[in-house]
Amino acid sequence: MIRLTIRQMQYFSLLAQTLHFGRAAELAGVTQPALSAQIAEMEEKLGCRLFERGGKTVRLTEEAEALLPRVESILADIREVEAIARRGRTAMEGRFRLGIIPTVAPYLLPHVLPVLKTRFPALMLELREAVTASLVEETTAGRLDGFIAALPLDFPGLVKEELFQDRFFLAVAESDPAFVAPPVAPDSPALERLMLLEEGHCLREQALAVCNTVKPVAMASYGATSLTTLLQMVAHGLGVTLIPEMAVTAGRATRGLKIVPFTEPMPARAICLAWRRNSMRHDECKELAKVLRGLHDVVLPRAA
């Protein structure tokens with residue numbers, strides 16, 4: 001009889017999601033050799049290769065493609081068993097898998113993680129950074145317990161609880177000769193040089209919504225997968241971009257970058273916590289939302 005362990009199936013699932021041994025090991029909280037050893041043992045037990053490894057490329061084999069839905073179903077059932085066992089116990093303890101979008105994670109997590117560790121020492125938080133579409137899919141499939149993203153989220157199977165409003169500012173190069181004095185109107189010609197994150201990032205859509213009367217001419221030529229990269233491009237005079245208030249402190253540390261306000265009422269995005277409507281961790285998600293909302297003044301020390 002083939003005896004796969006839960007750990008092996010979890011590692012298999014993470015590697016199938018990331019197709020990268022290092023990232024899968026990081027998400028699992030183990031070293032890469034430890035994860036590789038468990039995958040190799042799983043392949044030996046099953047008598048087939050699950051992943052094709054070629055240089056830096058990892059691909060699922062046909063056998064792995066066929067196996068993945070069954071493994072995901074088993075892991076989902078195990079999570080439901082764990083959730084049932086937690087009923088009646090203290091909230092915010094045990095494993096909690098939280099997703100977060102890339103334009104929030106680096107600015108929110110440094111404030112949130114120490115607070116959660118102090119208030120809920122029995123909580124084992126597992127983090128997954130990804131774009132909104134991926135987080136929705138993984139949450140509805142039961143691979144995440146909840147996620148932090150920006151509204152709107154038009155998915156009836158999710159419960160959404162708004163945490164706070166995150167205002168937008170405009171990032172420009174300090175030496176930009178074409179820049180007019182602040183505050184900036186949303187229909188300013190300066191926004192014709194607006195640069196955006198790549199497709200899939202909700203900040204891209206929000207920027208276009210803010211500047212809906214201006215047709216950006218730079219977005220076809222430039223794009224970035226992170227806000228940090230985008231700000232570096234702006235600092236070197238390649239264009240302008242929107243920066244959320246929670247990133248303003250980090251943005252001001254970028255040499256050659258100037259951050260200026262829009263005219264009132266300033267545009268903003270609403271940050272929320274979302275989870276499955278039928279989740280057995282509903283109470284814990286409500287508690288987490290309460291903690292996150294309480295950090296509003298720390299995460300968003302009002303930018304001048």
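Look up: the structure comes first, before these words.
Structure report, in brief. In this text the structure is predicted, and so the values were computed from the model without any measurement.

1. Digging into the nonpolar core
At step 1: In terms of nonpolar packing, the biggest core is built from 72 residues, with Leu108, Ile148, Leu170 and Leu273 touching the most fellow members.
At step 2: In terms of residue count, strand β6 (residues 158-173) provides more of this core than any other element does, nine residues in total.
At step 3: Aside from chain neighbours lying at most four places away, what touches Ile148 is Leu98, Gly99, Ile100, Ile101, Val104, Leu108, Leu135, Leu163, Ile271, Cys272, Leu273 and Leu292.
At step 4: Counting residues in hydrophobic clusters, the runner-up holds 20 residues, among them Ala25, Val58, Leu68 and Val71.

2. Notes on the packing of aromatic side chains
At step 1: Under the defined criterion, the tally for this structure stands at one aromatic pair.
At step 2: Centroid distance Phe12 to Phe51: 5.7 Å. Interplanar angle 55°. Geometry classified as tilted. Here Phe51 lies in strand β1 (residues 51-54) and Phe12 lies in helix α1 (residues 6-18), a separation of 39 residues in the sequence. By the burial criterion, Phe12 is buried, and Phe51 matches it.

3. Some details on the layout of surface pockets
At step 1: Each pocket or cavity is described by its volume, and for the largest pocket that value is around 310 Å³.
At step 2: The wall of the largest pocket is formed by 18 residues, among which Leu14, Leu27, Arg95, Arg97 and Glu126 lie closest to the centre.
At step 3: Elements with a contribution of two residues or more to the lining of the largest pocket: α1, α2 (21-28), α4 (62-86), β3 (94-100) and β4 (123-129).
At step 4: Per-element accounting of the lining of the largest pocket gives the leading share, five residues, to α1.
At step 5: Tallied by class, residues from the lining of the largest pocket come to seven nonpolar, three polar and eight charged.
At step 6: Empty space within the second largest pocket amounts to approximately 250 Å³.

4. Some words on the pattern of salt bridges
At step 1: The tally for this structure, following the rule as stated, stands at 15 salt bridges.
At step 2: With a closest N to O distance of 2.7 Å, Glu161 and Arg293 form a salt bridge. Of this pair, Glu161 sits in strand β6 while Arg293 sits in helix α10 (residues 282-294), placing them 132 residues apart in sequence.
At step 3: The class of Glu161 is buried, set by a relative accessible area of 16%.
At step 4: With a closest N to O distance of 2.8 Å, Glu284 and Arg281 form a salt bridge.
At step 5: Given a relative accessible area of 4%, Arg281 falls into the buried group.
At step 6: What emerges from the salt-bridge pattern is a single network uniting Arg97, Asp145, Arg281 and Glu284.

5. Notes on the side chain of Glu161
At step 1: A distance of 2.9 Å separates polar atoms of two side chains, one belonging to Glu161 and the other to Lys286.
At step 2: If we skip the residues at most four places from it in the chain, Glu161 touches Cys272, Leu273, Trp275, Lys286, Ala289 and Arg293.

6. Points about α2
At step 1: Buried within α2 are the following residues: Phe21, Ala24 and Ala25. Looking straight down α2, one finds its buried side chains confined to an arc of 100°; they lie on one side.
At step 2: Residues of α2 that are buried make contact with α1, α3 (32-46), β1 and β2 (57-60).
At step 3: Count one or two residues on from α2 and you reach Gly29, which has phi positive near 75°.

7. Details of the pairing of strand β9 (residues 268-276)
At step 1: Of all nine residues in β9, eight are buried; the element is thus mostly enclosed.
At step 2: Here four bridges tie strand β5 (residues 146-150) to β9, and the two strands are oriented antiparallel to one another. In the strand pairing of β9, Ile148 is matched with Leu273.
At step 3: Looking at chain direction, β6 and β9 are connected through nine bridges and run antiparallel. Residue pairing for β9: Arg167 is matched across the bridge by Ala268.

Rules behind the numbers
- Residue numbering note: each chain is counted from 1, following its sequence as written.
- In view of the model being predicted, local features appear only for residues whose pLDDT reaches at least 70, and side-chain atom pairs are presented and counted only at 80 or more, with totals across whole chains, interfaces and linings using the full set of residues.
- Calculation of side-chain values draws on the structure's entire complement of heavy atoms; hydrogens and water are dropped beforehand.
- In these notes, a set of buried Ala, Val, Leu, Ile, Met, Phe, Trp, Tyr and Cys residues joined through side-chain atoms within 4.5 Å is what counts as a nonpolar core.
- Relative accessible area decides the class of each residue, using a 1.4 Å probe on protein chains only: under 20% of the type maximum gives buried, over 50% gives exposed, and in between gives partly exposed.
- Secondary structure elements follow DSSP: runs of H or I no shorter than four residues count as helices, runs of E no shorter than two count as strands, and numbering proceeds from the N terminus.
- Note on definitions: a residue-residue contact is assigned when non-hydrogen atoms from the two residues lie within 4.5 Å.
- Here a pair means two rings of Phe, Tyr or Trp (six-membered ring of Trp) with centres within 6.5 Å. Their orientation is stacked below 30 degrees between planes, edge-to-face above 60, and tilted elsewhere.
- Using only the protein atoms, space was sampled on a 1 Å grid; points where a 1.4 Å probe fits but cannot get out form cavities, open sets with protein on both sides within 12 Å along at least five of seven lines form pockets, and lining residues are those with an atom within 4 Å of a point.
- Grid points are joined across faces, edges and corners, and a volume is the space filled by probe spheres set on the points.
- The nonpolar class holds Ala, Val, Leu, Ile, Met, Phe, Trp, Tyr, Cys and Pro. Asp, Glu, Lys and Arg form the charged class, and all remaining residues, Gly among them, are polar.
- One side-chain nitrogen of Lys or Arg within 4 Å of one carboxyl oxygen of Asp or Glu is enough to make a salt bridge.
- In protein, a polar contact requires one atom able to donate a hydrogen and another able to accept it; more generally it is a pair of N or O atoms within 3.5 Å, and residues adjacent in sequence count only if both atoms are side-chain atoms.
- Comment: arc refers to directions from the helix axis out to C-beta atoms.
- Following DSSP output, two strands are said to pair if at least two bridges run between them.

Distances and angles like these do not, on their own, reveal function.
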